[in-house]
2 protein chains.
Amino acid sequence: MFWGHSMTTPLSPIIILVEPQLGENIGAVARAMLNCGLTELRLVKPRDGWPSEPARANAAGADLVIDGVTLYETVEESIADLQLIYATTARLRDMVKPVIPPETAAERLHQASLGGLKTGILFGRERSGLTNDEVVLADAAVIFPLNPEFSSLNLAQAVLLMGWEWRRQVLGKVAEEFMPAQSPPAERGHLLQFFTHLEGELARTNFFFPPEKKPHMLRNLRNIFERTKLTEQEVRTLHGIVRSLTRDG
Amino acid sequence: MFWGHSMTTPLSPIIILVEPQLGENIGAVARAMLNCGLTELRLVKPRDGWPSEPARANAAGADLVIDGVTLYETVEESIADLQLIYATTARLRDMVKPVIPPETAAERLHQASLGGLKTGILFGRERSGLTNDEVVLADAAVIFPLNPEFSSLNLAQAVLLMGWEWRRQVLGKVAEEFMPAQSPPAERGHLLQFFTHLEGELARTNFFFPPEKKPHMLRNLRNIFERTKLTEQEVRTLHGIVRSLTRDG
């Protein structure tokens, strides 16, 4: 089933809005998505609830997108079934994370789609964007190289630029063959289960000291494993390693 | 003076909105422009007048653009001092005109700017876009290769995509040297004066027959001369030819 999409219908990236505030903005996002041929929209805790009349009105006919919206309580749940995830952000604060421009992101998303992988792009709150803990969940941060003195995009504009770059990839290239790994890339949910397992054991063994450093240490730890693009098999192996190391002899 | 900008400060394309309806949209355009580093905005007969408080409010701080807006009564006047002009449109109706994608447009605009030429991009009314007679004034039509089943962009989104493509050119390339022609490209105002001259003489000599075909014939005529990218010297030559042909022996 995993490879079912690989040759005939490339999957499109899923757009994920984290705690969007205004229904109008969600509608404008839906319109920008459909302009670029993107159709799957996920919302994490929209402030004003869902469904939203302002969203539908502002979607200007992109009902296909509005009708298909799915809701999530947490960012982690919203990306659990995805295998390649990018986080759009205005800047990186105190974090070691690869940063790529939208064009590179679009190219990698498209190549992954051709290989049958499920991909997604995270967009943060209108005012404050994504938190560091949310950016950490992604494979890389996408930063738009806009006018450094005036770089704030509204939500729909940011989605439009990513959608546009993706569309340029789809239209502009003869589909290159994608070489899948031996074992498929891990679903994000499995990776998160591994983090929970590892971090639980580390907490039990007082790894996180002093306690106030724990959030920072956790982020660094997660970034290490995110960067390595683990396969399903490798995640299983890591679970085994942690179990083995914590066994009572 | 003409070449004064050529080596040090490449000129940016001027954004021209033809009869925009809502001040909010003009503001959103200003914001999208400044995001991409574009600063000069011209308005042809904005429906609700100018200045506009909704425009300033929706510009989200792009006061630099709003404060610099200039007003025009006609599209012809708004482009009279420009030398390379593109018209954005959703489709071409009954017209022979080169069509280019935004990326190509941006590349040519950037190269022209490096050569010190003044360039501009025309955007039409929110509902109906540009008329055929307005598209004819441009060197080429720009059509966005969006989802064919849902291709309607709002005004600010269209400006953002063009601005973005232009910015990618500016950032992504080492500035290539631009080879100016022997005589500089004609200012659009000079070309329009030539059309007026030529068309006046043709009307006097009953060229436009039957009368109901006149608009169509005029457009075809203009397209011929637009396509040839006339220099200042060539426009002067053409004036001389018309004068000579119409002399009473």
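About the criteria used
Residues numbered from 1 in each chain as written. Chains lettered and ligands numbered in written order. Predicted model: local features only at pLDDT ≥ 70, side-chain atom pairs only at ≥ 80, totals over all residues. Heavy atoms only, no water. Helix = DSSP H or I, 4+ residues; strand = E, 2+ residues; numbered from the N terminus. Buried < 20%, exposed > 50% of the residue type's maximum accessible area, 1.4 Å probe, protein only. Contact = heavy atoms within 4.5 Å. Areas by Shrake-Rupley, 256 points an atom, 1.4 Å probe, with all protein chains shown as cover. Least-squares fit on C-alpha atoms with pLDDT ≥ 70 in both. Expected span 1.5 Å × (residues − 1). Polar contact = N/O pair within 3.5 Å; in protein donor to acceptor, adjacent residues only side chain to side chain. Phe/Tyr/Trp six-rings, centres within 6.5 Å; stacked < 30°, edge-to-face > 60°. Buried area = accessible area lost by both parts, 1.4 Å probe. Salt bridge = Lys/Arg side-chain N within 4 Å of Asp/Glu carboxyl O. Nonpolar A, V, L, I, M, F, W, Y, C, P; charged D, E, K, R; others polar. Core = buried A, V, L, I, M, F, W, Y, C linked by side-chain atoms within 4.5 Å. Pairing = 2+ DSSP bridges. Axes fitted to C-alpha atoms, helices over the stretch in contact; angles between N-to-C directions.

Notes on the overall build of chain A
Consideration 1: Looking only at helices and strands, chain A features 10 helices and 7 strands.
Consideration 2: Burial statistics for chain A: of 249 residues in total, 51% are counted as buried.
Consideration 3: When contacts within chain A are restricted to residue pairs at least 6 apart in sequence, those whose partners lie at least 24 apart make up 84%.
Consideration 4: Looking at chain A as shown, the accessible area adds up to about 11,900 Å², and 55% of this sits on carbon and sulfur atoms.

Quick word on the relation of the copies chain B and chain A
Consideration 1: After a rotation of 180 degrees and a shift along the axis of 0.0 Å, chain B superposes on chain A with an RMSD of 0.1 Å. Taken together, the turn and the small shift mark the pair as related by a two-fold rotation axis.
Consideration 2: A shared binding surface is used by both copies, with 100% of the interface residues of chain B retained as interface residues in chain A.

Considering helix α7 (residues 155-172) of chain B
Consideration 1: A rise of 1.5 Å per residue sets the reference length of α7(B), with its 18 residues, at 26 Å; its end C-alpha atoms lie 26 Å apart and thus fit the reference within 8%.
Consideration 2: Sitting at the amino-terminal end of α7(B) is B:Asn154, which places a side-chain oxygen 3.1 Å from the backbone nitrogen of B:Ala156.

A look at helix α5 (residues 102-114) of chain B
Consideration 1: Between its terminal C-alpha atoms α5(B) stretches 18 Å, which fits the 18 Å expected from 13 residues at 1.5 Å a residue.
Consideration 2: Those residues of α5(B) that fall on the buried side of the exposure criterion are B:Pro102, B:Ala105, B:Ala106, B:Leu109, B:His110, B:Gln111, B:Ala112, B:Ser113 and B:Leu114.
Consideration 3: In this structure, the buried residues of α5(B) make contact with α7 (155-172) of chain A together with β4 (84-88), β5 (99-100), β6 (119-123), β7 (140-142) and α7 of chain B.
Consideration 4: Looking one or two residues beyond α5(B), the residue adopting positive phi is B:Gly116, at roughly 85 degrees.

Comments concerning the packing of aromatic side chains
All names here are of chain A.
Consideration 1: On inspection of all chains with the given rule, the structure shows 6 aromatic pairs over all chains.
Consideration 2: Both rings, one in Phe-207 and one in Phe-208, keep their centres 5.1 Å apart while their planes meet at 85 degrees; by these two values the pair is edge-to-face.
Consideration 3: For Phe-207, a relative accessible area of 38% gives the class partly exposed.

As for the interface of chain B and chain A
Consideration 1: At the interface, 31 residues of chain B touch 31 residues of chain A.
Consideration 2: Buried area between chain B and chain A, both sides added, is near 2,400 Å², and the carbon and sulfur share of it is 55%.
Consideration 3: On the chain B side of the interface with chain A, the three residues burying the most area are B:Asn35, B:Phe150 and B:Trp164, jointly 29% of the side's total.
Consideration 4: If you look at where chain B meets chain A, you find 4 salt bridges.
Consideration 5: With a shortest N-O distance of 3.9 Å, B:Arg168 and A:Glu165 are connected by a salt bridge.
Consideration 6: The interface formed by chain B and chain A contains 18 residue pairs in polar contact (both at pLDDT 80 or more).
Consideration 7: If you list the elements that add at least two residues to the side of chain B that touches chain A, you get α1 (23-35), α5 and α7 of chain B.
Consideration 8: Considering every element that reaches the side of chain B that touches chain A, the biggest residue donor is α7(B), with 9 residues.
Consideration 9: Each residue belonging to the side of chain B that touches chain A can be placed in one class, and the counts come to 18 nonpolar, 8 polar and 5 charged.

Describing the nonpolar core
Consideration 1: Core analysis: the largest hydrophobic core is formed by 88 residues, its most contacted members being A:Ile15, A:Leu17, A:Leu41, B:Ile15, B:Leu17 and B:Leu41.
Consideration 2: If near-sequence neighbours (up to four positions away) are discounted, B:Ile15 is found in contact with B:Val29, B:Met33, B:Leu38, B:Glu40, B:Leu41, B:Arg42, B:Ile121, B:Phe123 and B:Val159.

Here's the deal with the sheet that holds strand β4 (residues 84-88) of chain A
All names here are of chain A.
Consideration 1: Strand order in this open sheet of 7 strands is β3-β2-β1-β6-β4-β7-β5, and the pairing throughout is parallel. Of all strands in the sheet, those with a lone pairing partner are β3 (70-72) and β5 (99-100), marking the two edges.
Consideration 2: Of the strand pairs in this sheet, β4 and strand β6 (residues 119-123) are connected by 4 bridges, and their pairing is parallel. Directly across from Leu-84, in β6, lies its bridge partner Thr-119.
Consideration 3: Lying over the sheet, α7 contacts β1 (14-18), β4, β6 and β7 (140-142), oriented at roughly 150 degrees with respect to β6.

Remarks on unusual backbone geometry
Consideration 1: Note that the residue after A:Trp50, namely A:Pro51, is joined by a cis bond; omega there is 5 degrees.
Consideration 2: As for its position among the elements, A:Pro51 is in the loop between β2 (41-44) and α2 (53-58).
Consideration 3: The amide bond that connects A:Phe209 to the next residue, A:Pro210, takes the cis arrangement and shows omega of -5 degrees.
Consideration 4: Structurally, the position occupied by A:Pro210 is in the loop between α8 (188-204) and α9 (214-227).
Consideration 5: Notably, B:Ala60 is not glycine yet its phi reads approximately 55 degrees, a positive angle.
Consideration 6: With respect to the secondary-structure elements, B:Ala60 resides in the loop between α2 (53-58) and α3 (63-67).
Consideration 7: The partly exposed category is assigned to B:Ala60, whose relative accessible area is 44%.

Thoughts on the pairing of β6(B)
All names here are of chain B.
Consideration 1: Burial runs high along β6: 5 of the 5 residues are buried.
Consideration 2: Side-chain alternation along β6 places Thr-119, Ile-121 and Phe-123 on one buried face and Gly-120 and Leu-122 on a second face that is also buried.
Consideration 3: Bridge analysis of strand β1 (residues 14-18) against β6 gives 4 bridges, and the strand direction is parallel. Looking at β6, one finds that Ile-15 is bridged to Ile-121.

Remarks on the pattern of salt bridges
Residue and element names in this part refer to chain B.
Consideration 1: Under the definition given, this model contains 31 salt bridges over all chains.
Consideration 2: Put simply, Arg-219 and Asp-133 hold a salt bridge, and the shortest N to O gap is 3.3 Å. A residue pair is termed long-range when its members are at least 10 positions apart, and Arg-219 in helix α9 (residues 214-227) and Asp-133 in helix α6 (residues 132-135) qualify at 86 residues.
Consideration 3: On the basis of relative accessibility, which here comes to 47%, the residue Asp-133 falls in the partly exposed class.

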